Amino acid sequence: MKKEPYDIEQINLMSWLRFPLIMGVVLAHCNLYAIISNLEGCTSEMPSWLVFIFNELYLIVLPARVPTLFIISGYFFFRTLNDKKANGQFFIDKYKKRVSSLLVPYLIWNCIAIAMLYVKYDIIEQTPLNFIDYLSGFWDFIPRAGFDPANGPLWYMRDLMVITLMSPLVYVLINNKRTVYIYLSILSVLYATNICLPLVGFSNDAFLFFSIGAYIAIHNVNLTKISNKTGLIMLLLYIPSQLFFNRLEENNQYIYVMYLIVSIIKITAVFYLVSLLFSKKILKPTPRLGKISFLLYALHGVIVNPIIMVLFKLSGYTDNPFLLLGIYIATPIIIIVATQLLYTTITKFTPGIAKAVTGNRG
């Protein structure tokens with residue numbers, strides 16, 4: 001396939017999006033309502049406006065995080081098909097790169113998380129978990145700890161590794177004009193009905209949205225040229241659709257249908273808006289933020305809860321909503337500063353470690 005002239009523009013668009021998408025993940029995990037509401041000394045009731053900020057505001061403001069990240073991953077996996085053929089060597093080369101960019105940092109950051117859990121349960125609380133419990137943290141749920149895997153946010157990497165291994169099949173189905181739409185339609189129906197394989201790592205999110213990213217790359221779909229009419233309609237629907245989805249009960253039988261629709265609306269709107277801002281020179285590539293995005297994603301999974309707990313204790317287990325809001329605002333700022341300091345330090349003094357913990361993304 002011939003490389004298209006918009007390829008660099010599309011790369012810049014997706015690379016720029018990574019940081020705000022990761023920030024959306026961080027804000028989701030800075031949810032004080034979920035973390036402290038069951039603690040002794042914490043009020044059982046919080047003002048509705050504060051619960052709204054903790055639970056919903058970031059969903060409205062930021063793009064559909066996980067679906068968009070899987071789309072970006074699928075796109076970058078198959079993008080180089082513009083230059084190469086999808087033969088066995090292509091996939092072997094991709095697998096080799098994914099060992100350093102996915103598997104190695106996945107194992108390292110889960111080791112760090114498991115070590116922290118060991119200190120908490122076996123040393124501090126004297127309520128030890130057994131070896132099998134800790135071992136399961138490399139892939140599955142850890143009993144009592146409530147994380148899946150040990151570094152919870154890394155479930156995305158786990159599922160991405162699974163779909164990456166299945167990428168040759170994805171390519172065959174996406175590249176064939178007779179099967180591509182049947183394949184994507186089946187995945188969409190399975191997603192909307194929440195029918196999935198009962199195997200850890202085989203998520204509908206990964207299969208559907210990675211495949212959409214693969215489709216964009218293989219069939220040279222130009223996301224920088226979404227029509228103004230389509231883009232504006234999606235922008236107008238962006239907030240109302242999310243507000244409507246937020247009002248649905250979790251056990252609503254149509255919740256996955258709505259989530260799929262809302263995700264498509266938000267993803268299209270965001271690609272349109274960011275492309276427009278790039279074309280107007282309002283946005284520019286941000287290499288530095290792109291480099292720290294992965295470290296921010298992996299690091300926050302092991303420090304977000306301790307930071308919130310320390311701030312909450314320092315506040316005297318406050319039930320003052322404005323102090324709680326202050327903790328919510330301070331937590332991601334602390335995480336970003338810690339990420340910047342760690343990235344600067346390890347890239348300067350221990351570049352080998354920096355490559356390992358960032359998946360060679362420095």
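Reference entry: report on the structure contained in this document. This structure is a prediction, so every number in the text was calculated from the model and none was measured.

### Observations regarding the environment of Val-66
Move 1: By the element assignment, Val-66 lies in helix H4 (residues 65–78).
Move 2: Other than its neighbours up to four places away in sequence, Val-66 contacts Trp-155 and Asp-205.

### Digging into the packing of helix H10 (residues 204–218) against helix H12 (residues 255–279)
When two helices pack together, their arrangement is given by the angle between the helix axes and the distance between those axes.
Move 1: Taken N-terminus to C-terminus, the directions of H10 and H12 make an angle of 35°; their axes are 14 Å apart at the nearest point. Note that H10 runs across H12; the crossing there is right-handed. Facing Asp-205, Leu-208 and Phe-209 of H10, the residues of H12 in contact are Tyr-259, Leu-260, Ser-263 and Ile-267.
Move 2: Residue classes in the contact of H10 with H12 are distributed as 5 nonpolar, 1 polar and 1 charged.

### Things to note about the packing of aromatic side chains
Move 1: What the rule picks out here adds up to 24 aromatic pairs.
Move 2: For the pair Trp-49 and Phe-322, a centre-to-centre distance of 5.5 Å together with 40° between the ring planes defines the contact as tilted. Highlighted residues: Trp-49 in helix H3 (residues 48–61) and Phe-322 in helix H14 (residues 321–349), separated in sequence by 273 residues.
Move 3: An aromatic cluster of three or more residues is present, and its members are Phe-77, Phe-78, Phe-90, Phe-91, Tyr-171 and Phe-210.
Move 4: Across the ring face of Phe-77, the terminal group of Lys-94 is positioned such that the distance to the ring centre comes to 5.5 Å.

### Regarding the packing of H3 against H14
Move 1: Relative orientation of the contacting elements H3 and H14 amounts to 20°, with a least axis distance of 10 Å. Looking at the two axes, H3 sits roughly parallel to H14. Contact residues: Trp-49, Leu-50, Ile-53, Phe-54 and Tyr-58 in H3; Pro-321, Phe-322, Leu-324, Leu-325 and Tyr-328 in H14.
Move 2: Across the contact of H3 with H14, the residue classes break down as 10 nonpolar, no polar and no charged.

### Here's the deal with the pattern of salt bridges
Move 1: One pass over the full model with this rule turns up 3 salt bridges.
Move 2: Between Arg-158 and Asp-148 there is a salt bridge whose closest N-O contact spans 2.9 Å. Taken together, the positions of Arg-158 in helix H7 (residues 155–165) and Asp-148 in the loop between helix H6 (131–136) and H7 put the pair 10 residues apart, joining distant regions of the chain.
Move 3: Owing to a relative accessible area of 5%, Arg-158 belongs among the buried residues under this scheme.
Move 4: One continuous salt-bridge network, built from bridges that share partners, spans Asp-148, Arg-158 and Asp-159.

### Overview of the side chain of Ser-101
Move 1: When you line up the elements, Ser-101 lands in helix H5 (residues 88–124).
Move 2: If sequence neighbours within four positions are ignored, Ser-101 has contacts with Met-157, Gly-359 and Arg-361.

### So, the nonpolar core
Move 1: Leu-17, Phe-78, Trp-109 and Tyr-328 are the most contacted members of the largest nonpolar core, which totals 108 residues.
Move 2: No other element matches helix H13 (residues 287–314), which puts 14 residues into this core.
Move 3: What Leu-17 contacts, discounting residues up to four positions off in sequence, is Ile-72, Val-270, Phe-271 and Val-274.
Move 4: Phe-245, Leu-248, Ile-255 and Val-262 belong to the second-largest nonpolar core, a separate cluster that totals 5 residues.

### Describing the environment of Thr-268
Move 1: By secondary structure assignment, the location of Thr-268 is in helix H12.
Move 2: Overall, the relative accessible area of 17% leaves Thr-268 in the buried class.
Move 3: Sequence-wise, Thr-268 and Leu-184 are 84 residues apart; in three dimensions their C-alpha atoms are separated by 17 Å.

### Here we look at helix H11 (residues 228–246)
Move 1: Over its 19 residues, H11 runs 27 Å from end to end, which matches the ideal 27 Å to within 8%, given 1.5 Å per residue.
Move 2: A bend of about 40° at Tyr-238 is the largest found in H11, and the proline Pro-240 appears one to four places after it.
Move 3: Turning to H11, its buried residues are Gly-231, Met-234, Tyr-238, Ser-241, Gln-242, Phe-245 and Asn-246.
Move 4: Buried residues along H11 sit against H3 and H12.

### Quick look at the side chain of Gln-242
Move 1: Note on placement: Gln-242 falls in helix H11.
Move 2: Given the relative accessible area of 5%, Gln-242 is considered buried.
Move 3: Those residues in contact with Gln-242, other than ones at most four positions away along the chain, are Leu-59, Ile-60, Val-262 and Lys-266.

### Examining unusual backbone geometry
Move 1: One non-glycine residue, Asn-194, lies in positive phi territory at about 55°.
Move 2: By the secondary structure assignment, Asn-194 is in the loop between helix H9 (180–192) and H10.
Move 3: The exposure class assigned to Asn-194 is partly exposed, which follows from its relative accessible area of 35%.
Move 4: Residue Asn-220 is not a glycine yet carries a positive backbone phi of 50°.
Move 5: With respect to the helices and strands, the residue Asn-220 is situated in the loop between H10 and H11.
Move 6: Residue classification places Asn-220 among the partly exposed residues on the basis of a relative accessible area of 23%.

What counts and what doesn't
Residues numbered from 1 in each chain as written. Predicted model: local features only at pLDDT ≥ 70, side-chain atom pairs only at ≥ 80, totals over all residues. Heavy atoms only, no water. Helix = DSSP H or I, 4+ residues; strand = E, 2+ residues; numbered from the N terminus. Contact = heavy atoms within 4.5 Å. Axes fitted to C-alpha atoms, helices over the stretch in contact; angles between N-to-C directions. Left-handed = near helix turned anticlockwise from the far one by under 90°. Nonpolar A, V, L, I, M, F, W, Y, C, P; charged D, E, K, R; others polar. Phe/Tyr/Trp six-rings, centres within 6.5 Å; stacked < 30°, edge-to-face > 60°. Lys NZ or Arg CZ within 6 Å of the ring centre and 35° of its normal. Parallel < 35°, antiparallel > 145°, perpendicular 65-115°, else oblique. Salt bridge = Lys/Arg side-chain N within 4 Å of Asp/Glu carboxyl O. Buried < 20%, exposed > 50% of the residue type's maximum accessible area, 1.4 Å probe, protein only. Core = buried A, V, L, I, M, F, W, Y, C linked by side-chain atoms within 4.5 Å. Expected span 1.5 Å × (residues − 1). Bend = angle between axes of the 7 residues up to and from the residue.

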